[in-house]
Amino acid sequence: MSTVPHPDPAELGQNLFYGIGVRKNYRKAFPLLLQAAELGHIHCQNVVGFCYNSGYGVGKDVTQALFWYEQAAANDHQVALFNLARCYEIGKGVARDLERALELYKRAAALGDVPAACNLGVMYELGQGTEVNLTEAIHWTRYAAQRGDSKAQYNLGICYDEGAGVAKNRRWATLWMRKAATQGHLGALAFLGESRRLERRD
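Sequence positions are assigned chain by chain, starting from 1 and proceeding in written order. Thresholds applied to this predicted model are a pLDDT of at least 70 for local features of residues and 80 or more for the giving and counting of side-chain atom pairs; totals over whole chains, interfaces and linings are not thresholded and use all residues. Excluded from the side-chain calculation are hydrogens and water; included are all heavy atoms of the structure.

Student: Tell me about the packing of helix α8 (residues 134-146) against helix α9 (residues 150-162), and please be specific about residues and values.
Tutor: Interaxial angles span 0 to 180 degrees and are taken between N-to-C directions of axes, which are lines fitted to C-alpha atoms, for helices over the stretch in contact. In this text, helices come from DSSP runs of H or I with a minimum length of four residues, and strands from runs of E with a minimum of two, each type numbered from the N-terminal end. The geometry of α8 relative to α9 is characterised by a closest axis approach of 8 Å and an angle of 130° between their N-to-C directions. In this view, α8 runs oblique relative to α9, as classed from their interaxial angle. Between α8 and α9 lies a crossing whose hand is left-handed. Across the interface between the two elements, Ile138, Thr141, Arg142, Ala144 and Ala145 of α8 pack against Ala152, Gln153, Asn155, Leu156, Cys159 and Tyr160 of α9. Of the residues assigned to the contact of α8 with α9, the class counts are seven nonpolar, three polar and one charged. These descriptions rest on fixed angle ranges, namely under 35 degrees for roughly parallel, over 145 for roughly antiparallel, 65 to 115 for roughly perpendicular, and the rest for oblique. The handedness criterion is simple: a crossing whose near helix is rotated anticlockwise from the far helix by less than a right angle is left-handed, and one whose near helix is rotated clockwise is right-handed. In what follows, a contact means two residues having at least one pair of non-hydrogen atoms within 4.5 Å. In this count, Pro and Cys sit with the nonpolar residues alongside Ala, Val, Leu, Ile, Met, Phe, Trp and Tyr, while Asp, Glu, Lys and Arg are called charged and the others, Gly among them, polar.

Structure, rendered in C-alpha cells:
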C-alpha cells in the first residue's frame, strides 16, 4: 500500500509567504514557516526572524527575531547575517555593538551578500567598529556598486566627487550617480540636478 507523502511545511509556508501559486497570506504562512524553522530549515529560520521583526503573520517580538536570525546566521545564511548585523549596528533588541556588526557584515559580504558589502564599506569609511580604512571602504563599496546596489553606487560617486579613497574624478562621480539615479536613489537625483544647475550657471 502506497503512503501519501506528508506536505512539506517549508514549501507550503514559503508559497504562502511569497505568493507562489497562491495568494499571499502571512497569517497562514507563519505557523508553517515556524514548524520548518524548528525542524532546522535554515531559510525558514531567517524568514521567521523577519516575521517576528516586522510583525508579518505574528505579533512583533524582537527577542524572537534575534533568536531565529542567530539560528540561521550560525549556518552562514547571508540575509540572516545581514539582518543580525543590522540589529547590532542600530541596537535593536540588543546593546549596540559596532564591532559585532562589522564582523557579521564581513561574514555576509564574504559570502557574496551585496547590501552587507555596501554597509561594510560605510563602516570602514567612518571607522565604525574598526579603524578608518579607506582602502577597504572603496573595495567593498565598489564591489556592491558593481553589483547594482544603488546606495553603494551613490556612495562611490561621492567618493569620486570628493576624492575620498580614490583620485578625484568628476566623470566617474557622474557615472556612478547616474547608475544610482536610474534606480531612483534620491541623493543621486539631487546630486545630478545640482550638477546641471551649476553647469547652466557657469
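Still more to cover.
Student: Give a description of unusual backbone geometry that names residues and reports values.
Tutor: We note that Asp76 has phi near 60°; this positive angle belongs to a residue other than glycine. Note on placement: Asp76 falls in the loop between α4 (62-73) and α5 (78-90). Since its relative accessible area comes to 40%, Asp76 is described here as partly exposed. Working definition: with a 1.4 Å probe on protein chains only, accessible area under 20% of the residue-type maximum means buried, over 50% means exposed, and in between means partly exposed.

Student: Account for the side chain of His77, with residues named and values stated.
Tutor: In this structure, His77 sits in the loop between α4 and α5. Discounting residues that sit within four places of it in the chain, His77 has contacts with Ile42, His43, Asn46 and Ala72.

Student: So what's going on with the environment of Glu125? Residues and values would help.
Tutor: With respect to the helices and strands, the residue Glu125 is situated in helix α7 (residues 114-126). When the C-alpha atoms of Glu125 and Leu175 are compared, they prove to be 21 Å apart, with 50 residues separating the residues in sequence. Setting aside its immediate chain neighbours within four residues, Glu125 contacts Val132, Leu134 and Ala137.

Student: Help me get a handle on the nonpolar core, residues and values and all.
Tutor: By size, the foremost hydrophobic cluster in this structure holds 52 residues, and its most contacted members are Leu33, Val48, Tyr52, Leu84, Tyr105 and Leu120. Here Tyr105 is in contact with Phe82, Ala85, Arg86, Glu89, Ala116, Asn119, Leu120 and Met123, once residues within four sequence places are set aside. For this analysis, a nonpolar core means a set of buried residues of the types Ala, Val, Leu, Ile, Met, Phe, Trp, Tyr and Cys, connected via side-chain atoms within 4.5 Å.

Student: Tell me what's going on with the pattern of salt bridges, and back it up with residues and numbers.
Tutor: Where side chains of opposite charge bring their charged atoms close, a pairing between them can arise. When a carboxyl oxygen of Asp or Glu lies within 4 Å of a side-chain nitrogen of Lys or Arg, that pair is called a salt bridge. Enumeration over the complete set of coordinates arrives at five salt bridges. We note a salt bridge from Glu103 to Arg100, for which the minimum N-O separation is 3.4 Å. A residue pair is termed a helical-turn pair when its members lie 3 or 4 positions apart in one helix, as Glu103 and Arg100 do in helix α6 (residues 98-110) at three residues. Note on Glu103: relative accessible area 38%, which makes it partly exposed.

Student: Can you lay out the packing of aromatic side chains for me, pointing to particular residues and giving the numbers?
Tutor: A pair of Phe, Tyr and Trp rings is counted when the ring centres sit within 6.5 Å of each other, with Trp represented by its six-membered ring. The angle between the planes then sorts it: under 30 degrees is stacked, over 60 is edge-to-face, the rest tilted. Taken as a whole and assessed by the stated rule, the structure comprises 10 aromatic pairs. Geometrically, the ring pair formed by Trp140 and Tyr143 is edge-to-face, given 5.6 Å between the ring centres and 65° between the ring planes. Note that Trp140 and Tyr143 are positioned in helix α8 at a spacing of three residues, about one turn of the helix. A connected cluster of aromatic rings, assembled from ring pairs, spans Phe17, Tyr18, Tyr26, Phe50 and Tyr56. By the criterion adopted, a ring carries a charge over it if an Arg CZ or a Lys NZ lies within 6 Å of its centre and within 35 degrees of its normal. Between the NZ or CZ atom of Arg147 and the centre of the ring of Tyr143, over which it lies, the distance is 3.6 Å.

Student: Describe in detail empty space enclosed by the protein, supporting the description with residues and values.
Tutor: Using a 1 Å grid laid over the protein atoms alone, points where a 1.4 Å probe fits but cannot get out form a cavity; open sets with protein on both sides within 12 Å along at least 5 of 7 lines form a pocket; any residue with an atom within 4 Å of a point counts as lining. Grid points are joined across faces, edges and corners, and a volume is the space filled by probe spheres set on the points. Tallied over the entire structure, the rule returns one cavity of 30 Å³ or more. Of the pockets and cavities examined, the largest cavity occupies roughly 40 Å³. Looking at the largest cavity, the residues that line it are Glu125, Leu134, Ala137, Ile138, Thr141, Cys159 and Ala164. Tallying contributions element by element places α8 first for the lining of the largest cavity, with four residues. Across the lining of the largest cavity, the residue classes break down as five nonpolar, one polar and one charged.

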